[in-house]
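# Examining the three-dimensional arrangement
Here is how the chains run, residue by residue.
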Amino acid sequence: MPKQPQTVSRTSTNPLMAAASTHPNVLKRNQACHQCRRRKLKCDAKRPCATCVRSHAHALSHAPPGTTMASNPDCTFDDVAEVSTAVPEGPKNRYERLENRINELETLLRQKETGSGLNDYSNHHPDTSLDEHGHGRNTGSSSMMTPRYTSNDSEANSSTGHLSRSPPHHTHATTSSMGHPANRSYGLEMIWPNWPQALPGPELLRHLVDVFFLFHPHAKRLFHAPTFINSLSLPPSHPKFPSTPVLHAICAIGSLYTAAVTSPPLPNFNEVSPDEIFLERYRIKEQRPDSFAEQQAKLARESAERLNTLGEDLFQVLQANIILTWFYWSHGRWVDIFLSSAHSMRLSVPLGLNMCPPFHSITKSERPPSILPPARTVIEDETRRNAFWLAYATERQHGCGNGWALSLDDQDVSQLLPVRGDQFEHGTLVTPVDRQWAHFRDLLLIHPEKQTDSFILYIKGTIMLSQVKAFNMRFRSKHFAGDASVTTLYPDTLQSANDPVDPRGSAAFIELDHVVSSFQASFPRHLRNPIMDNVVDNHLYTTCLMPHIATIVLHDPHAEVAQSGCISALKILTASRAILDLIYNVWSTTFDITLLDSFCSFCWFVGGRVLVRFLQAALDARSLEQISTLRAEIDFVHSAIAKVGERIPLAHRFAKMLEDLIIKHCGSAPGMPVQITFPRPSEPHVLQTLFDESSHPDSNISLHESLHEPGSFLSLA
């Protein structure tokens with residue numbers, strides 16, 4: 001007779017061994033039925049077991065005539081608990097759980113001894129909030145997304161303010177509320193023993209991360225949101241826990257979207273020019289403690305520099321630098337924006353993010369093309385690619401406001417464009433054959449419908465802006481070198497040697513102007529309108545502004561407002577009124593315009609500056625109808641920028657700059673109340689009255705010249 005197999009009675013700490021020891025086919029002592037144990041037969045512990053069923057069937061078939069047999073086999077068991085297949089908890093896990101519990105109890109004990117009560121979580125989450133599209137969701141009388149400032153300027157409360165259906169705003173942050181909110185209680189929370197001291201508590205950190213992913217337009221492209229959120233639940237010592245500079249940077253920029261922490265106050269524009277580059281010299285004079293946002297930004301930069309020097313977590317250092325650049329851009333910190341965006345671009349080169357095989361250098365070198373290890377998953381690979389393009393977009397968009405060279409030439413970018421958002425979220429592999437490269441010749445006019453979404457168009461629009469800036473910066477040097485691409489195609493229009501060279505007749509200018517004017521018309525049909533059913537596509541809306549900004553940057557240096565029939569003047573006026581239409585379109589929805597990309601405020605400001613230039617021409621020509629219309633348009637642009645400035649300091653600065661420009665060049669006379677019609681007409685006969693009478697040369701504004709005045713940072717390239 002076969003013997004009953006011996007079972008493993010020891011418990012292994014190895015999960016695989018533990019699982020094997022509790023396999024359902026291996027029975028423990030006294031789990032076999034009484035009959036099999038008595039007969040020392042193998043039992044499968046079924047009820048009845050297979051052995052007893054077989055024996056009962058054999059007994060029935062061989063029973064003598066007249067014998068009474070039971071209908072069911074006799075198979076009885078001891079009352080034994082069911083076998084659990086769960087892997088037993090190892091000693092290390094038990095120790096960690098006990099340590100966490102001890103730490104939690106010690107925290108509660110300290111709070112009880114000091115008499116400090118716990119703040120309820122709901123105190124930091126007012127009842128009114130926004131959904132992920134930025135639309136109002138009324139559940140009470142206050143707003144979770146509360147702006148930190150209220151403008152004292154009367155223009156911020158213009159008569160058109162009622163058109164916005166954004167949630168109500170309330171001020172809450174003052175200088176007296178500065179300090180260390182991260183050290184205050186933010187509800188009952190469990191803290192890991194090795195939690196970084198400079199970080200806010202886990203619950204406040206999670207809140208700031210949540211608002212960052214919910215409201216920032218690029219958060220879900222810089223990170224794979226599900227992966228990042230899951231990594232926050234790991235202990236800080238875990239290798240997959242987010243790097244410290246990334247968390248500090250998210251805390252800094254997350255302060256824009258919550259009232260739970262403090263942000264820096266606005267500069268006093270009575271003492272500081274709104275276009276001041278070096279704000280730090282005035283910051284020193286304020287003698288106030290750093291706000292929570294400023295503390296976290298400094299910690300992010302310091303920890304990123306340390307890891308950068310050590311060569312650790314370099315990709316996360318890049319991500320932290322990108323977020324810091326967004327923070328500086330939102331607060332209008334010009335020097336920090338320029339340096340941080342440049343650092344991000346230069347860091348991406350040794351990380352190998354500006355190119356993708358097979359387009360690497362043919363130079364033989366001891367250094368690999370990338371000092372990063374190869375990506376392990378599709379999501380990791382696409383996250384790296386997204387990070388590069390976001391760093392590229394930030395530097396290029398900021399570069400539109402100055403005449404300084406960029407950190408990385410477009411010819412050194414040989415990278416694939418990103419995948420669609422849904423493909424990135426699900427980790428779908430898209431082969432290079434089905435995608436577009438950055439150096440593809442017709443990249444800006446050909447958009448494969450199945451491989452295009454609003455973010456991809458956003459990146460393409462940024463590439464277009466970069467090409468326009470590069471043309472303006474390099475035209476003179478190329479012309480001096482005799483480059484045929486910048487030589488005029490119309491020799492009959494050659495000017496005298498003393499006149500400035502006009503690039504509008506060159507092949508390069510004509511081709512670039514064609515691309516800019518055709519860009520938006522080439523979009524796939526389902527991506528031509530950024531506002532559908534009262535829902536605003538943030539990336540697509542910003543992209544629709546880009547060709548108009550590119551037109552202004554390209555044509556403004558050559559626009560003569562006082563000259564009848566100037567094509568460049570007509571183009572920049574048409575572009576500025578197209579920007580005005582886009583402002584009106586988003587204003588007339590329930591979308592909270594303070595959630596738009598920061599670049600939108602710059603676009604609106606540039607459009608307003610062009611209108612100011614034409615307003616002065618109309619004043620010189622004494623065209624009352626055009627004066628009233630242009631003044632109403634400028635007031636509307638100003639009110640929209642001021643509205644965004646209630647939350648975003650950058651927009652507040654732009655609103656003040658536009659106001660100062662109006663007073664400087666057009667006087668302080670208020671505009672006449674006029675009903676504005678949208679979209680604005682752009683036919684030449686409508687604009688002709690602006691050119692009927694010549695303006696005085698001394699009083700004529702050249703937008704190109706005014707933006708290049710000494711000390712002016714916002715100078716169009």
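Since we're looking at a predicted model, the values are computed, not measured.

### Examining the packing of helix α18 (residues 567-587) against helix α19 (residues 598-621)
Between two packed helices, the angle of one axis relative to the other and the distance separating the axes together describe the packing. Between α18 and α19, the shortest axis-to-axis distance is 9 Å and the interhelical angle comes to 130°. Taken together, the axes of α18 and α19 lie oblique to each other. Along this stretch, α18 crosses α19, giving a crossing that reads as left-handed. Of α19, the residues touching α18 (which contributes A569, I572, L573, S576, R577, I579, I583 and V586) are C603, W604, G607, V610, L611, R613 and F614.

### Some details on the nonpolar core
Grouped together as the largest cluster of nonpolar side chains are 152 residues, with contacts concentrated most on Y541 and W604. The element contributing the most residues to this core is α19, with 14 residues. Those residues in contact with Y541 that sit more than four places away from it in its chain are P530, V536, L582, I583, V586, L596, C600 and W604. Membership of the second largest hydrophobic core comes to 9 residues, among which are A32, C49, C52 and F77.

### With respect to helix α11 (residues 314-330)
Compared with an ideal rise of 1.5 Å per residue, which puts 17 residues at 24 Å, α11 spans 24 Å between its outermost C-alpha atoms and is within 8% of the ideal. Counting buried residues in α11 gives 16 out of 17 residues, a clear majority hidden from the surface. Backbone geometry just downstream of α11 places G332 in the positive-phi region, at approximately 65°.

### Topic: the side chain of R396
Mapped onto the elements, R396 comes out in helix α13 (residues 378-399). R396 sits in the buried class, given a relative accessible area of 2%. Filtering out sequence-adjacent residues up to four positions away, R396 remains in contact with M345, L406, L408, D409, D410, T462 and S466.

### Observations regarding a nonpolar patch on the surface
On the surface, L489, Y490 and I510 cluster together into a nonpolar patch covering about 290 Å² of accessible area. Exposure remark for L489: the relative accessible area of 49% places this residue in the partly exposed category.

### Notes on the pattern of salt bridges
Scanning the entire structure with this criterion turns up 25 salt bridges. Of the charged contacts, one joins D336 and R301 as a salt bridge, the two residues approaching to 3.6 Å between their closest N and O atoms. Here the residue D336 occupies a position in helix α12 (residues 334-348), and R301 occupies one in helix α10 (residues 292-310), the gap between them amounting to 35 residues. The buried category is assigned to D336, whose relative accessible area is 17%. A salt bridge links E380 to R384; its shortest N-O distance comes to 3.1 Å. Residue E380 and its partner R384 are both found in helix α13; the two are separated by 4 residues, about one turn of the helix. The class of E380 is partly exposed, set by a relative accessible area of 22%. Bridged by salt links that share partners, the residues D381, E382, R385 and R435 form one connected network.

### Some details on the confidence of the model for the protein
Residues with a pLDDT of 70 or more make up 74% of the protein, whose mean pLDDT is 79. Here residues 689-717 scores under 50 on pLDDT; set against residues more than four positions off or in separate chains, the count is 82 contacts.

### Description of unusual backbone geometry
A cis geometry characterises the amide bond from R47 onward to P48, with omega recorded as 0°. Inspection of the secondary structure assignment puts P48 in the loop between α2 (34-39) and α3 (50-61). One non-glycine residue with positive phi stands out, namely D313, at about 50°. On the secondary structure map, D313 appears in the loop between α10 and α11.

### Focus: the environment of P274
Turning to its location among the elements, P274 is positioned in the loop between α8 (244-254) and α9 (280-286). For P274, a relative accessible area of 7% translates into the label buried. Spatially, the C-alpha atom of P274 lies 9.3 Å from that of G332, the residues being 58 residues apart in sequence. When residues no more than four places from it in sequence are discounted, the contact partners of P274 are F269, W334, R653, K656, M657 and D660.

### Digging into the packing of helix α16 (residues 507-518) against helix α17 (residues 538-555)
For the pair α16 and α17, interaxial distance at closest approach is 9 Å and the crossing angle is 155°. In terms of orientation, α16 and α17 fall into the roughly antiparallel class. α17 is crossed by α16, and the crossing has left-handed handedness. Contacts from F509, L512, D513 and V516 of α16 reach α17 at P547, A550, T551, L554 and H555. Of the residues in the contact of α16 with α17, the class split is 6 nonpolar, 2 polar and 1 charged.

### Overview of the state of the cysteines
In this structure the tally under the stated criterion is 0 disulfides. Looking at the unpaired C43, the closest cysteine sulfur is the one in C49, lying at 3.9 Å. Exposure remark for C43: the relative accessible area of 10% places this residue in the buried category. Free cysteine: C52, not disulfide-bonded; nearest cysteine sulfur from C49 at 3.4 Å.

### Looking at the packing of aromatic side chains
Enumeration according to the criterion identifies 24 aromatic pairs in this entry. An angle of 75° between the planes, with centres 6.0 Å apart, marks the rings of W195 and F241 as edge-to-face. With W195 in the loop between β2 (136-137) and α5 (202-215) and F241 in the loop between α7 (225-231) and α8, this residue pair connects regions lying 46 residues apart in the sequence. On the numbers, 4.8 Å between centres and 50° between planes, the contact of F223 with F228 is tilted. Comparing F223 with F228, the two get one shared label, buried. One residue, R47, lies across the ring of F77, its end atom 4.3 Å from the ring centre.

Cut-offs and rules
Residues numbered from 1 in each chain as written. Predicted model: local features only at pLDDT ≥ 70, side-chain atom pairs only at ≥ 80, totals over all residues. Heavy atoms only, no water. Axes fitted to C-alpha atoms, helices over the stretch in contact; angles between N-to-C directions. Helix = DSSP H or I, 4+ residues; strand = E, 2+ residues; numbered from the N terminus. Parallel < 35°, antiparallel > 145°, perpendicular 65-115°, else oblique. Left-handed = near helix turned anticlockwise from the far one by under 90°. Contact = heavy atoms within 4.5 Å. Core = buried A, V, L, I, M, F, W, Y, C linked by side-chain atoms within 4.5 Å. Buried < 20%, exposed > 50% of the residue type's maximum accessible area, 1.4 Å probe, protein only. Expected span 1.5 Å × (residues − 1). Patch = residues over 30% accessible without salt bridge, like charges linked within 9 Å, V, L, I, M, F, W, Y side chains within 5 Å. Areas by Shrake-Rupley, 256 points an atom, 1.4 Å probe, with all protein chains shown as cover. Salt bridge = Lys/Arg side-chain N within 4 Å of Asp/Glu carboxyl O. pLDDT = per-residue confidence, 0-100. Nonpolar A, V, L, I, M, F, W, Y, C, P; charged D, E, K, R; others polar. Disulfide = S-S within 2.5 Å. Phe/Tyr/Trp six-rings, centres within 6.5 Å; stacked < 30°, edge-to-face > 60°. Lys NZ or Arg CZ within 6 Å of the ring centre and 35° of its normal.

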